[in-house]
Amino acid sequence: MFPKYDVIVVGGGHAGCEAAAAAANLGSKVLLVTMNMNTIAQMSCNPAMGGVAKGQIVREIDALGGYSGIVSDKSMLQFRMLNLSKGPAMWSPRTQNDRMRFAEEWRLALEKTSNVDFWQEMATSLIVKNKRVVGIKTALGLEIKGKSVVLTNGTFLNGKIHIGEKQFGGGRAAEKNATGLTEQLVELGFEVGRMKTGTPPRIDGRSLNYSVMEEQKGDENPGKFSFSNTEALKQQLSCWITYTNESVHKELEKGFDRSPMFQGRIKGLGPRYCPSIEDKINRFAERERHQIFVEPEGWNTVEIYLNGFSTSLPEDVQYNALTKIPGFENAKMFRPGYAIEYDYFPPTQLKMSLETQLIENLYFAGQINGTTGYEEAACQGLMAGINAHNKVKEKEAFILKRSEAYIGVLIDDLVNKGTQEPYRMFTSRAEYRILLRQDNADLRLTELSHQLGLASAERFEKLHTKREAIKSLSKELSEMRAVPNEVNEALTLLQSAPITEKIPVVNLLRRPHIGIAQLKKIDQQIEARLNKYPEEIQQQVEVAIKYESYIEREQKLAEKIESLENYTIKTDFDYDRVKALSSEAREKLKRIRPETIGQMSRISGVSPADVSILTVYLGK
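Residues numbered from 1 in each chain as written. Predicted model: local features only at pLDDT ≥ 70, side-chain atom pairs only at ≥ 80, totals over all residues. Heavy atoms only, no water.

1. Points about helix α11 (residues 441-452)
Alright, step 1. Here α11 spans 16 Å end to end across twelve residues, near enough to the 16 Å set by a 1.5 Å rise per residue.
Alright, step 2. Along α11, the residues classified as buried are Ala441, Asp442, Arg444, Leu445, Thr446 and Ser449. Taken end-on, α11 shows its buried residues confined to a sector of 165°, consistent with a single buried face.
Alright, step 3. Positioned one or two residues after α11, glycine 453 has a phi angle of 105°, which is positive. (Helix = DSSP H or I, 4+ residues; strand = E, 2+ residues; numbered from the N terminus. Expected span 1.5 Å × (residues − 1). Buried < 20%, exposed > 50% of the residue type's maximum accessible area, 1.4 Å probe, protein only. Arc of directions from axis to C-beta.)

Below, the structure written as structure tokens:
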């Protein structure tokens, strides 16, 4: 009934979709197994992509040839570039998306990928022989053979939904949970943990009074995620902002005695940076209000997502509290918010390729590794799909360094430090964030992807054209001269010091308060020459010139640290032979099995002294 597949992907969420697409586009025969074909790429929580650090990840996925950026662009309701008041390392794109169109675009993209087959059913166990996965078994008892398997189970592994004192099995609202796999993996020797996440009630937008809320429009000139030729957004939907108050908090507190979180029925840890509304008012009792984002879920639906009001309190408590929020006095609720607990497997059990250490050719990606967020899941899926393909085709693993991508930071953090609470990406996690900007993701990654065979020739040609344009504009700015009597009046108006002799225009651009936009106002000739180049190129050159010294400093630091990555450690190395190692370091090293001294140096609990001892022992 089934051929033997190169890669079997279990789970049709963001990680599963990217894994299937990547492996198939590289040439593997792929089977995507999902419990419901109608919920492929479902936006289970908020209808948005990107945000701080997450937007950088989506652009990296796109630069590598993944689909998340393209799908986000095609289903956009609104685009905003966050943190523009800060430096370019912090600029982060974010889209509000049409939930139904997002899922539809993903499914269409997969169906157009000829190497992807689909099967709708629950995968209940793996077929493992001699510590190598060779396929899966399904609930119907079918055996499907595969050279590798990527597990992307999201919140479905023994998922349990909590609403007040009610609890029932489920992987998502109105969808059953997945059973069997956790138990088998534990038998195979895997360590398992429990996490939780939550979602807010969904509201009928027709019942809201927007006149008392603050409107949040998209950018005047909306951007996009993909470096490909996706269409620019011509029309946008607004989001809205309102706030809780003391009356809302009092209503919520009435349900604390029935809260599954406060009464101990929820054992798993939830996301630190996205707490439930009851957790907020409990932990921050001194705060009189909390911000609520009112987000539309699509062009043609009245359903509203209430960002900031995640809760697992009883439904009557949720409703009574909602009606005390300004603009929600007559709110109608489509469905209550809930919390969900699910199994995850601490990611220190993985190799840097996301292959498990215990079972060969078995890969984990997404929330099964303890992450939270569509973007974090999608990038893991992409990397797992690439590496599963490479492994069965007997090619080297594709691993991104911390200095190359936020994706590299994320995977390095997970494998070497692990996580006991849902992991979320922040710009502060990246020590090379000036190098890892959202605007240069293609410059960093597309050539690597093209070498892999994932980024198309068209993408590579576009990258070459962009590089040449950047080089050309940089040269023009160095050669152009600013003349005192032509620019000093404008400089005075900009409160910038006048010049006394001809200087290269690039020197003006290095001044703190002068950017490309100001240069155009200073001199019409300069403006004419700058406008020959697209805005994207102008911005790229401005950032490169203004932050040149910072970029060079980070690059040198990255190269220095990178030298440690060249010193490899055998995976079967006996750490017990090195008596001088601390007991904690020995324990962590035996469990994580670092592949290089660089990776070893980033493991939590391994001190610089331990690194030095082992480096000397290995004769490095």
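2. Brief notes about helix α8 (residues 315-322)
Alright, step 1. Buried residues of α8: Val317, Gln318, Ala321 and Leu322, and no others. Angularly, the buried residues of α8 cover 130° about the axis, an arc narrow enough to put them on a single face.
Alright, step 2. In this fold, the buried residues of α8 make contact with β10 (160-163), β13 (202-204), α6 (246-253), β17 (303-307) and β18 (333-335). (Contact = heavy atoms within 4.5 Å.)

3. Description of the pattern of salt bridges
Alright, step 1. In the structure shown here, the tally under the stated rule is 46 salt bridges.
Alright, step 2. Note that lysine 54 and glutamate 376 form a salt bridge whose closest N and O atoms lie 2.9 Å from each other. Here the residue lysine 54 occupies a position in helix α2 (residues 54-63), and glutamate 376 occupies one in helix α9 (residues 374-392), the gap between them amounting to 322 residues.
Alright, step 3. Here lysine 54 falls in the buried class, since its relative accessible area comes to 10%.
Alright, step 4. Among the residues examined, glutamate 376 registers a relative accessible area of 0% and is labelled buried.
Alright, step 5. Residue lysine 401 pairs with glutamate 562 through a salt bridge whose shortest N-O separation is 3.8 Å. Placement of the pair is lysine 401 in the loop between α9 and α10 (406-417) and glutamate 562 in helix α18 (residues 548-562), with a sequence separation of 161 residues.
Alright, step 6. The partly exposed category is assigned to glutamate 562, whose relative accessible area is 28%.
Alright, step 7. Bridged by salt links that share partners, the residues Arg402, Asp412, Asp413, Lys417, Glu431, Glu565 and Arg602 form one connected network. (Salt bridge = Lys/Arg side-chain N within 4 Å of Asp/Glu carboxyl O.)

4. Description of the packing of helix α12 (residues 457-479) against helix α17 (residues 535-546)
Each packed pair of helices is defined by two parameters, the angle between the axes and the distance between the axes.
Alright, step 1. One can describe the packing of α12 onto α17 by two numbers: an axis separation of 9 Å at closest approach and a directional angle of 60°. Considered as vectors, α12 and α17 are oriented oblique to each other. Where α12 crosses over α17, the handedness of that crossing is right-handed. Where α12 abuts α17, its residues Lys466, Ala469, Ile470, Leu473, Ser474 and Leu477 lie against Glu536, Ile537, Gln538, Gln540, Val541 and Ile545.
Alright, step 2. Considering only residue class, the contact of α12 with α17 consists of seven nonpolar, three polar and two charged. (Axes fitted to C-alpha atoms, helices over the stretch in contact; angles between N-to-C directions. Parallel < 35°, antiparallel > 145°, perpendicular 65-115°, else oblique. Left-handed = near helix turned anticlockwise from the far one by under 90°. Nonpolar A, V, L, I, M, F, W, Y, C, P; charged D, E, K, R; others polar.)

5. Description of the nonpolar core
Alright, step 1. Core analysis: the largest hydrophobic core is formed by 109 residues, its most contacted members being Leu151 and Leu362.
Alright, step 2. Within the second largest apolar cluster, 25 residues are counted, among which are Ala469, Ile499, Leu530 and Ile537. (Core = buried A, V, L, I, M, F, W, Y, C linked by side-chain atoms within 4.5 Å.)

6. Quick word on the pairing of strand β11 (residues 166-169)
Alright, step 1. Bridge analysis of β10 against β11 gives four bridges, and the strand direction is antiparallel. In the sheet register, histidine 162 faces β11, and the bridge partner there is glutamine 167.
Alright, step 2. Counting the residues between successive antiparallel strands, the hairpin from β10 to β11 contains two residues, one of them, glycine 164, with a positive phi of roughly 60°. (Pairing = 2+ DSSP bridges.)

7. Digging into the pairing of β17
Alright, step 1. Within β17, five of the five residues are buried, which leaves it mostly tucked inside the rest of the structure.
Alright, step 2. Of the two faces of β17, the one carrying Glu303, Tyr305 and Asn307 and the one carrying Ile304 and Leu306 are both buried.
Alright, step 3. Judged from the three bridges that link them, β13 and β17 form a sheet pairing that is antiparallel. Along β17, the bridge assignment pairs arginine 202 with tyrosine 305.

8. Concerning the side chain of threonine 244
Alright, step 1. Its location among the elements puts threonine 244 in the loop between β15 (239-243) and α6.
Alright, step 2. For threonine 244, the side chain forms a polar contact with the side chain of histidine 249, separated by 2.9 Å.
Alright, step 3. Within the structure, threonine 244 has its side chain in polar contact with the backbone nitrogen of histidine 290 (distance 2.8 Å). (Polar contact = N/O pair within 3.5 Å; in protein donor to acceptor, adjacent residues only side chain to side chain.)

9. Considerations on the environment of glutamate 447
Alright, step 1. Relative to the elements of secondary structure, glutamate 447 occurs in helix α11.
Alright, step 2. Along the chain, glutamate 447 and cysteine 45 lie 402 residues apart, while their C-alpha atoms are 34 Å from each other.
Alright, step 3. With residues up to four places along the chain from it excluded, the contact list for glutamate 447 reads Phe460, Leu463 and Arg467.

10. A closer look at unusual backbone geometry
Alright, step 1. Although it is not a glycine, alanine 41 sits at a positive phi angle of roughly 55°.
Alright, step 2. Within the element layout of this structure, alanine 41 appears in the loop between β2 (30-34) and β3 (48-50).
Alright, step 3. The phi torsion at asparagine 361 lies on the positive side, around 70°, for a residue other than glycine.
Alright, step 4. As for its placement among the helices and strands, asparagine 361 is situated in the loop between β19 (338-344) and β20 (362-364).

11. Some details on the environment of glutamate 501
Alright, step 1. Checked against the element boundaries, glutamate 501 lands in the loop between α13 (484-493) and β22 (503-504).
Alright, step 2. We classify glutamate 501 as exposed; its relative accessible area is 52%.
Alright, step 3. As a C-alpha pair, glutamate 501 and methionine 383 span 118 residues in sequence and 54 Å in three-dimensional space.

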